[in-house]
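# Working through the structure, step by step
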Amino acid sequence: MKTERFDKKLFKQEVINNLKTQFRVELDNATQQQIYQAVAYALKEWIIEDWMDTQKTYEEKDPKILYYMSMEFLMGRALGNNLINMSMYGEVKEALEELGVDLNMVEDQEPDPALGNGGLGRLAACFLDSLATLGYAAYGCGIRYQYGMFKQKIKDGYQIEVPDEWLKNGNPFELKRPEYAKEVRFGGNIRTEYDEASGRINFIQENYQSVMAVPYDYPVVGYGNHIVNTLRIWDAEPITDFQLDSFDKGEYDKAVEQKNLAKNIVEVLYPNDNHYEGKELRLKQQYFFVSASLQAAVAKYKKNHDDITKLYEKMTIQMNDTHPTVSVAELMRILMDEEGLGWDEAWEVTTKTCAYTNHTIMAEALEKWPIDLFSRLLPRVYQIVEEIDRRFVNKIREMYPGNEEKVRKMAILWDGQVRMAHMAIAAGYSVNGVAKLHTEILKNQELKDFYQMMPEKFNNKTNGITQRRFLMHGNPLLSDWVTKKLGTDTWATDLSLMSGLKKYVDDPKSQKEFMEIKLQNKKRLAKYIKEHNGIDVDPTSIFDVQVKRLHEYKRQLMNILHVMYLYNQLKKNPNMNFYPTTFIFGAKAAAGYRRAKQTIKLINSVADKVNNDASIKGKLKVVFIEDYRVSNAELIFAAADVSEQISTASKEASGTGNMKFMLNGAPTLGTMDGANVEIVDEIGEENAFIFGLSSEEVINYENNGGYHPYEIYENDKDIHEVLDQLVDGTYADGDHELYKDLYQSLLFGDTGSQADMYFILKDFRSYAEAHEKVAKAYQDTKKWAKMAMTNTAGCGKFSSDRTIQEYVDDIWHLDKIR
Ligand code: TH1
C-alpha cells in the first residue's frame, strides 16, 4: 500500500483488527501500550511494501552499497518519525482522533530505542535517515543490545542507573532474519595445513567457541521518496548442534559455555562516551558484529558477482570511530582464508573498501587492546594484524630511513598493544574528522605523522543533523511557520532554503510570530518539567540549556559554578538588575565515572537550594531533567533560548546538539570549539555569545605544563567564594567532603593530572561576561528575535543531507537511486 493511497477508513480498520488479533481486545478496553502496538503494526504494513520494492530495485540496479559499521545507533522512537517521513503524520493523527485516540499519547508508549551513548550514535542515526532520503543504498550494521543506554533516575540528587528493557513488549518494527544467520568464532588455536591441490596453506581454527549471529532488520524510511533502507542489528544465539543425549562431560561443558557466550555478548551497551574501557567482552562485541556483517556483505556480493577482486566497486565500509576497525583484519581473513586470495590481492581490495572516521582526540578514548587478550580471543585475526603491522613498519622505514622514532609513534603493534586507530589509518582509503577545526587538529597535532606520510587520505566531513526529526517532528509549530514563510516545504530535503528566512529577521510581525512559537514551546517544556520534576518554571524567563553527556571536558561543572556565583550575587544584592533565568541541565554520567556523578549531585543540590529560596523571588531556577534521551531532547531543543556549548576549546570534535539548538532558534553561548566555529562562520559572531580560550591557547598551555588556577583563586574573590562553597557544606547539608574531589581537581589536580585540566577557572570570567551579554540582549526583544531567527535561517549547512552528500562525492561514490 503506497502513501498516495492512504485510506483513513482502512487504517482505522487495521488498528481495530490488530487489537483483536494480537491482544483479543476492543479499542475501549485496550491499554495504551496495546493501542501503540496496533498502530505500529498497521504502519508496518504500509512500510513493508516500500521496503520490498526498494530492495527489488537495488537487486535490479545493482548499486554500490555502503555498510555503515557502528557499535551505536541512537535511533530514538520510530513511529512519529516514520509517519513524518511517509507524509502520513497529519492523516494518521486525524484517523486516530476519529477513534478518540491521541497520537501524542500513542507515540509516548514507544520505548525510546537507545542503542547509543550520545553524539556518535545519534550521528549514525541521522546518517541513515539522510542516506534513505537521498536515495543511496546503505545498511547500518550494529548490535541488538538486550539493554541499551540505562534509564536515569535521580534519587536524593544522585544518579541511579536502571536497566533499559526496551524489548520487554516486543518490537513491532523489527524483522528477524534467521535465513541470514552467520557463525562467529572466538578463541582456540590455529593449525596450518599444506593443501597439495592448490599449493596453498590453509589456516584452520580449532578448539574455538562460537555463536550464531542472527540479524534483525529495521526499516529506515526515506522522506517522501518511498525508499526504505535497512538497519541490520545482530543478536547472538547459541549454536545448537550439541546432542542432548551426549554423556561426554567435555561436550556438555562446552555447550553451556557457548550458551553463556551468546547470552553475554549482546547483553548490554557499554555506557561510556568518549572513554575506552579495555574489557574483553567489548572486544567480543566488536568482532561479533563486524564478522557477521562482513560475512553477510561478501555473501550478498557473491550472489550477483563472481570476481571477488572487484568487491570495492560494489561495496564500501565506513568505520564509525575505531570500535569496528577489526573490520580491516576480518575482511583480509575472509578474502584470503575463505575466498582464496593472496595477501597482495586481498590487501588491495581491503584498502579500497575500508574508510575510517575519527570522532575524538581525547586520549582516554583511544582504543589500545592488550596483545595477549587480542591474540587469545581472535587468534587468526591477530596473525593478520601482525602481518599488516610488519608491512606497515617496513613502509615507514622505507620512507624515513633510520628514523625509529617514526616507527615508535606509528606502528600498529607497540608496547604490548594493538593500536586500533593506527590500523584503521594504515588500511583505510579515507580518514576523516568531523568538523573543520577537529580535522585540522588531527592533521597538525594528533595524527601529524600519519598525515605527513599519507596526506591524500585525510579529509573533513563536518557533521550534520536531520531536520526531519529535529524540526518537523520536534517542533511542528516552527516547522509550519517556516513552510508558510518560504511558501514551500521543500526545506525538508534542502535545508539551504532556510536562508530564505533572512529577509524576515527585521520584520516586526515575523519576529512576533517567531517569539510566540518559542513561548508556546517553552510552555510545553514547562509542563513537562512540572510533571517530571515538580518544579514551576516561568516560561517568560530565559531558558538557558545544557543537555549532553556528562564529561569533564564539556564543563557542566563550569556552568553550575557560574550559577552558584549568580546566586551569591543575588543574595548580596536582591535588587540587582537580573533578568529571570532558568538553567536547564540534562546529562547521563557513565556508571563508573565518579567525578561526573558528583557533578550531577552538585547540580541537584544547587537546584534544591536555589529553587526553594524565597528571598530571590524566583529569579533564578535550576532544573535537572531526568533521563535525557532522544524523545525529550526534541522538546528541549524546541524550547531553548540559549544553547550552552562550552567545552574546553579543542576537546569537542564537533558536537551536534549545537546544530539542533541553532535549527530551533537558540543562539550559541560557547567556545570556539568543534562545529561552533562553523556555526559562527555561517551567522557571524554577532549572532552568538563566544567566550574563552582558543584551541591554540589551550594546546599551548597543555604543551607547556598547564597553568596555575590557584593564582586565580587567590586573586578573584567571587571565584574564591564559589570554590570554598564546595567544601564548606553550603550545598551538602554541612558535609565538607562531598565535593572535595571537585574542589581538589580544580585547584590541585591529582597524581598524574594537571590542576583544572579543562581550564574552568581560566575561562570563568569571560564565561560570566558572555552571560551578562545574553541577559542584556534578551531584554532587547527585537534584537533577540533577530538573533534567534538568524540562527534558524543560517542553519542550512548543518543538515546531515549535506554531510552525506559530501561523503558520497568525496569518499563513497555511491549510485543515486531514482
Ligand atoms: C562524539 C564526539 O564527542 C562529538 O564531538 C561528536 O559530535 C560526535 O561524536 C559525532 O561525531 C563521540 N562520541 C564517542 C563515543 C565513544 C567513543 C568516542 C566518541 S567521540 C564511545
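Source: prediction; values computed, not measured.

### Overview of unusual backbone geometry
The phi torsion at Arg24 lies on the positive side, around 55°, for a residue other than glycine. With respect to the helices and strands, Arg24 occurs in the loop between helix H1 (8–23) and helix H2 (32–61). Residue Arg24 is classed as exposed on the basis of its relative accessible area, which comes to 77%.

### Overview of the pairing of strand E3 (residues 151–155)
Residues in a regular strand project their side chains so that they alternate between the two faces of the sheet. Two strands pair when backbone bridges link them, and E3 and strand E4 (residues 158–162) are joined in this way by 5 bridges, in the antiparallel orientation. Residue Lys155 lies in a different strand from E4, and its bridge partner there is Tyr158. Joining the antiparallel neighbours E3 and E4 is a turn of 2 residues, in which Asp156 adopts a positive phi near 50°.

### A word on the domain arrangement of the protein chain
Domain parsing of the protein chain yields domain 1 (1–61 + 88–109), domain 2 (62–77 + 112–463 + 805–812) and domain 3 (521–798). For domain 1 and domain 3, the distance between their C-alpha centroids amounts to 42 Å.

### Examining the sheet that holds strand E15 (residues 417–419)
If you walk across this open sheet you meet the 3 strands as E13-E15-E14, and the pairing is antiparallel. Here the strands that pair on one side only, and so sit at the sheet edges, are strand E13 (368–370) and strand E14 (413–414). Packed on one face of the sheet, helix H15 (residues 420–427) meets E13 and E15 and runs near 45° to E15.

### So, the pairing of strand E12 (residues 354–357)
Burial along E12 is two-sided: Cys354 and Tyr356 facing one way and Ala355 and Thr357 facing the other are all buried. In terms of strand pairing, strand E11 (residues 315–320) meets E12 through 4 bridges, oriented parallel. Within E12, the residue paired with Asn320 across the bridge is Thr357. Sheet topology places E12 next to strand E16 (residues 431–433); 2 bridges connect them, and they run parallel. Paired with Tyr356 across the strands is Val431, a residue of E16.

### Quick notes on the packing of helix H21 (residues 556–572) against helix H30 (residues 760–779)
Running from N to C, H21 and H30 cross one another at 60°; their axes reach a closest spacing of 10 Å. Taken as axis vectors, H21 and H30 run oblique relative to one another. Here the hand of the crossing between H21 and H30 comes out right-handed. Contacts from Leu557, Met558, Asn559, Leu561, His562 and Tyr565 of H21 reach H30 at Ile760, Asp763, Phe764, Arg765, Tyr767, Ala768, His771 and Glu772. Within the contact of H21 with H30, the residues separate by chemical class into 8 nonpolar, 3 polar and 3 charged.

### Some points on the environment of Ser430
Tracing the backbone shows Ser430 in the loop between H15 and E16. Looking at Ser430, the relative accessible area reads 3%, which means it is buried. Between the C-alpha atom of Ser430 and that of Ile811, which follows or precedes it by 381 residues, the distance is 6.8 Å. With residues up to four places along the chain from it excluded, the contact list for Ser430 reads Cys354, Ala355, Tyr356, Lys457, Asn459 and Ile811. Within polar-contact distance, the side chain of Ser430 engages the side chain of Asn459 at 2.9 Å.

### A look at the pattern of salt bridges
Applying the stated criterion across every chain yields a total of 60 salt bridges. Among the ionic pairs, Asp763 bridges to Arg555, the shortest N-O distance being 2.9 Å. Here Asp763 is found in helix H30, whereas its partner Arg555 is found in the loop between strand E18 (542–547) and H21, with 208 residues between them in sequence. For the pair Asp763 and Arg555, one class covers both residues: buried. Among the charged side chains, a salt-bridge network with shared partners connects Asp112, Lys151, Lys588, Asp627 and Arg629.

### What about the site of the ligand?
Near the ligand, the surroundings consist of 17 residues, among which Asn274, His359, Asn463, Glu652 and Gly655 are the closest. Contacts to the ligand include Asn274, whose side-chain N or O atom sits 2.7 Å from an oxygen atom. Residue Tyr553 places a side-chain N or O atom 3.2 Å away from an oxygen atom belonging to the ligand. Protein chains bury 98% of the 470 Å² of accessible surface belonging to the ligand in isolation. A class-by-class count of the residues in the shell around the ligand yields 5 nonpolar, 9 polar and 3 charged. Taken domain by domain, the makeup of the shell around the ligand includes at least three residues from each of domain 2 (62–77 + 112–463 + 805–812) and domain 3 (521–798).

### Section: the sheet that holds strand E22 (residues 668–670)
Pairing is parallel across the open sheet formed by 6 strands, whose spatial order is E20-E19-E18-E21-E22-E23. One side of each edge strand has no neighbouring strand; the edge strands of this open sheet are strand E20 (620–624) and strand E23 (689–690). In terms of strand pairing, E18 meets strand E21 (residues 642–645) through 2 bridges, oriented parallel. Bridge pairing in E21 links Val545 to Ser643.

### Quick look at the nonpolar core
Residues Val106, Phe186, Phe288, Phe374, Val385, Val418 and Trp812 are the most contacted members of the largest nonpolar core, which totals 157 residues. In terms of domain composition, this core takes at least three residues from each of domain 1 (1–61 + 88–109) and domain 2 (62–77 + 112–463 + 805–812). When neighbours within four sequence positions are excluded, Phe288 is seen to be in contact with Val184, Phe186, Val211, Met212, Ala213, Trp234, Asp235, Ala236, Ile265 and Val266. Listed in part, the 118 residues of the second largest apolar core include Val606, Tyr628, Met662 and Val722.

### Thoughts on the environment of Val642
As for its position among the elements, Val642 is in strand E21. Residue class for Val642 comes out buried when judged on its relative accessible area of 1%. Residues Val642 and Leu669, spaced 27 residues apart in sequence, show a C-alpha to C-alpha distance of 6.6 Å. With residues up to four places along the chain from it excluded, the contact list for Val642 reads Ile542, Phe543, Asp544, Val545, Ala666, Pro667, Leu669, Val774 and Trp784.

How each quantity is defined
- Each chain carries its own residue numbering, running from 1 in the written order of its sequence.
- Per-residue local features are limited, in this predicted model, to residues with pLDDT of at least 70; the limit for side-chain atom pairs, both in listing and counting, is 80 or more; totals at the level of whole chains, interfaces and linings are taken over all residues.
- Only hydrogens and water are set aside when side-chain values are computed; all heavy atoms of the structure are taken into account.
- Here a helix means four or more residues in a row that DSSP labels H or I, a strand means two or more in a row labelled E, and each is numbered from the N terminus.
- Throughout, exposure labels follow a simple rule: accessible area from a 1.4 Å probe, protein chains only, divided by the maximum for the residue type, with under 20% read as buried, over 50% as exposed, and the rest as partly exposed.
- Following DSSP output, two strands are said to pair if at least two bridges run between them.
- Those domain boundaries reflect an automatic or database domain assignment.
- Note on contacts: a residue pair qualifies if any of its non-hydrogen atoms lie within 4.5 Å across the two residues.
- Fitting a line to C-alpha atoms yields each axis, with helices limited to the stretch in contact; the angle taken between N-to-C directions then spans 0 to 180 degrees.
- Here the word oblique covers every angle except those under 35 degrees (roughly parallel), over 145 (roughly antiparallel) and from 65 to 115 (roughly perpendicular).
- Throughout, a crossing is termed right-handed when the near helix is turned clockwise from the far one, and left-handed when it is turned anticlockwise from it by less than a right angle.
- Amino acids are sorted into nonpolar (Ala, Val, Leu, Ile, Met, Phe, Trp, Tyr, Cys and Pro), charged (Asp, Glu, Lys and Arg) and polar (every other residue, Gly among them).
- Pairs of N or O atoms are called polar contacts if they sit within 3.5 Å, as long as, within protein, a hydrogen donor faces a hydrogen acceptor (for residues adjacent in sequence, only side-chain-to-side-chain pairs).
- Salt bridges are defined as contacts in which a side-chain nitrogen from Lys or Arg sits within 4 Å of a carboxyl oxygen from Asp or Glu.
- Definition of nearness: a residue and a molecule or strand are near each other if at least one heavy atom of the residue lies within 4 Å of the molecule or strand.
- Computed by Shrake-Rupley with a 1.4 Å probe, the accessible areas treat only the displayed protein chains as cover when residues are assessed.
- Only buried Ala, Val, Leu, Ile, Met, Phe, Trp, Tyr and Cys residues count toward a nonpolar core, and they belong to the same one when joined by side-chain atoms within 4.5 Å.

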